[in-house]
Amino acid sequence: MGPMTKLSQFRMIRSITQAGMTSISFTIVGSMFLILNVLPQAFPDLQGIWAVSFDQITELYMLANHATIGCIAVYFLIGTAFEYSRILSEEDGIDIKPLNGVLIAIMAMFMLAPQVGFVDGVISRITSIVAGEDGAWSSVVYNGWELGGDGPANFGATGIFCAFIIAWFAVRIYATCVDKKIVIKLPEVVPDGVARSFTALVPGFLVAIVCMLIQTVFMMFGTNFYDFIAIPFGFVVNIVGTYPGILLIYFLIHALWLVGIHGATIVTSSLTAIAIANLVVNADGGAAVWAGEYNNAFVIIGGSGCTLGLSILMVTMAKSEQLKAIGKAEIVPAFFNINEPLLFGLPIVYNPALAVPFVLAPMAAATISYFAITLGIIPSVLVQVPWPTPVGIGAMISTGGSLVAAAVAVLDVVVATLIYFPFFKRYDKQLCEEEAAAKAAE
């Protein structure tokens, strides 16, 4: 409990969490246009209509997708740098401006993204164009920039983790220079706006030098910053893509909740980048499970613990006054994946009577949906939807319109409800006895 609480309070973790929440708005925008592309796959009858309508302007409306999900690392960089600068300014009292922090971080990204190497004994930006067997370009690096389908590859999902690191050291250098007064100090007669811009001058030079050194070190080993960082994070992505990894995620989330710690925020905040990156993988034909809003669409339906079914049980079958009252207050929010009335009012937190189903129900739902996706029964998640989207609807939209996916989400709720049922009956009986004893004592 202690270490996880401390982890959630780390400034970079908080910055990344806020950046992830901010970036979700843009991924939803891009995903909505992606739906136009995938709807004919879910509903083949639409293919004829699409051929003479939307297919004719695909490259136009998909620009919204390329500019959001295709460049998602840029959004994460800006969000993380801004939040980290703001936190250092407000909590440490360092007179730094979040906008300057963002601009310095962007400069660092632009310096580290290109690939450099020795060409004829001279340090040069690399150009390498490789053709595949079918004649199409399988790999393109032009003037240092690796190009993907949506533009510079390092600006896309593969660059998210690098964006976190860049934002951290760029803002940290900026804040340290200001805190130690290693800045250019202009006379007080100079307008405040001009003086602030010069404050970032020395930190900007230092960040530029650090980026040059980073490029030099990796160039000496025949690699680059982005490829090197991808090694450890690639391991994390692979773990999340396994069935034991998925179960571990949901065990940790709900074990933390049981002792009063917001497990969903702590655990999933660090995995948001992977979920967004996997949207791109799935859009290219992959079958990554942990993608988009898989979490809310298929597993924690009704809120952490997959408690929608429990809310329905409380409204329809509860005999104790406490459960009836809380059930009435919770039933509507439950359909939008909000369940604080249950977590703290039932309560579930610190309540051994409901601890077992609270952990098992989401793990069961994750099991059903995991194998439904990996076995190809339903499409993988490739569209980002708002997390409060109601049961079935979120699953259907997330998978590009699959009605089977909606049915799987409903099945998840049914199974979770069956797991809760005997524990609910026992707890309801216990509360009825306590309420009867309290009335008798009056």
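Residues numbered from 1 in each chain as written. Predicted model: local features only at pLDDT ≥ 70, side-chain atom pairs only at ≥ 80, totals over all residues. Heavy atoms only, no water.

A. Structural detail: the overall build of the chain. Of the regular secondary structure elements, the chain holds 21 helices and six strands. Each principal axis of the C-alpha atoms in the chain carries an extent, and together these give about 85 × 60 × 40 Å. Sequence-distant contacts in the chain: of pairs separated by 6 or more residues, those separated by 24 or more amount to 72%. Carbon and sulfur atoms provide 69% of the accessible area of the chain, an area that totals close to 20800 Å². Put simply, the chain has 18 plus and 28 minus side-chain charges, and the middle of one group is 13 Å from the middle of the other. (Helix = DSSP H or I, 4+ residues; strand = E, 2+ residues; numbered from the N terminus. Contact = heavy atoms within 4.5 Å. Areas by Shrake-Rupley, 256 points an atom, 1.4 Å probe, with all protein chains shown as cover. Lys, Arg positive; Asp, Glu negative; His and termini not counted. Charge placed at Lys NZ, Arg CZ, Asp CG, Glu CD.)

B. Geometry of the packing of aromatic side chains. If you walk through the whole model with that rule in mind, you get 17 aromatic pairs. Ring centres 4.8 Å apart and planes at 45° place the aromatic pair Trp 50 and Phe 54 in the tilted group. A connected cluster of aromatic rings, assembled from ring pairs, spans Phe 218, Phe 225, Tyr 226 and Phe 228. (Phe/Tyr/Trp six-rings, centres within 6.5 Å; stacked < 30°, edge-to-face > 60°.)

C. Representation of the packing of helix H7 (residues 98-112) against helix H8 (residues 160-179) within the structure. In contact at an axis separation of 8 Å, H7 and H8 are set at 125° when each is read in the N-to-C sense. Here H7 lies oblique to H8, going by the angle between them. When the axes of H7 and H8 are compared, the crossing they make is right-handed. Between H7, through Asn 100, Gly 101, Ile 104, Ala 105, Ala 108, Met 109 and Leu 112, and H8, the contact on the second element is made entirely by Ala 163, Ile 166, Ala 167, Phe 169, Ala 170, Val 171 and Tyr 174. Split into classes, the residues belonging to the contact of H7 with H8 amount to twelve nonpolar, two polar and no charged. (Axes fitted to C-alpha atoms, helices over the stretch in contact; angles between N-to-C directions. Parallel < 35°, antiparallel > 145°, perpendicular 65-115°, else oblique. Left-handed = near helix turned anticlockwise from the far one by under 90°. Nonpolar A, V, L, I, M, F, W, Y, C, P; charged D, E, K, R; others polar.)

D. Up close: the state of the cysteines. Throughout the structure, instances matching the rule amount to zero disulfides. Lacking any disulfide linkage, Cys 162 is separated from the closest cysteine sulfur, that of Cys 211, by 12 Å. We classify Cys 162 as buried; its relative accessible area is 1%. The exposure class of Cys 211 is buried, given its relative accessible area of 0%. (Disulfide = S-S within 2.5 Å. Buried < 20%, exposed > 50% of the residue type's maximum accessible area, 1.4 Å probe, protein only.)

E. Looking closely at the pairing of strand S1 (residues 116-119). Pairing of S1 with strand S2 (residues 122-125), which is carried by four bridges, proceeds in the antiparallel orientation. Counted as the bridge partner of Gly 117 is Ser 124 from S2. From the end of S1 to the start of S2, which pair antiparallel, there are two residues, and Asp 120 there has a positive phi angle of about 55°. (Pairing = 2+ DSSP bridges.)

F. Structural view of the environment of Ala 288. Structurally, Ala 288 can be placed in the loop between helix H14 (272-283) and helix H15 (294-299). Along the chain, Ala 288 and Gly 392 lie 104 residues apart, while their C-alpha atoms are 20 Å from each other. Every residue in contact with Ala 288, bar those within four places of it in the chain, is listed here: Asn 278, Asn 282 and Ser 380.

G. Highlighting helix H12 (residues 243-258). If you check H12, its first and last C-alpha atoms are 23 Å apart, about what 16 residues at 1.5 Å a residue would give, namely 22 Å. Along H12, the positions that sit buried rather than exposed are Gly 245, Ile 246, Leu 247, Ile 249, Tyr 250, Ile 253, His 254, Leu 256, Trp 257 and Leu 258. A distance of 3.0 Å separates the backbone nitrogen of Gly 245 from a side-chain oxygen at the start of H12, and that oxygen is part of Thr 242. (Expected span 1.5 Å × (residues − 1). Polar contact = N/O pair within 3.5 Å; in protein donor to acceptor, adjacent residues only side chain to side chain.)

H. Structural detail: the pattern of salt bridges. Applying the stated criterion across every chain, the model contains six salt bridges. Glu 91 is the salt-bridge partner of Arg 11, the closest N and O atoms lying 3.7 Å from each other. Residue Arg 11 is found in helix H2 (residues 11-42), and its partner Glu 91 is found in helix H6 (residues 72-92); the two are separated by 80 residues along the sequence. Exposure remark for Arg 11: the relative accessible area of 28% places this residue in the partly exposed category. Its relative accessible area of 42% is what places Glu 91 among the partly exposed residues. Taking the shortest distance from any N to any O, the salt bridge between Glu 91 and Arg 14 comes out at 2.3 Å. Taken together, the residues Glu 91 in helix H6 and Arg 14 in helix H2 connect sequence positions 77 residues apart. When salt bridges that share partners are traced, they join Arg 11, Arg 14, Glu 91 and Asp 92 into one network. (Salt bridge = Lys/Arg side-chain N within 4 Å of Asp/Glu carboxyl O.)

This is a description of form; function is not addressed.
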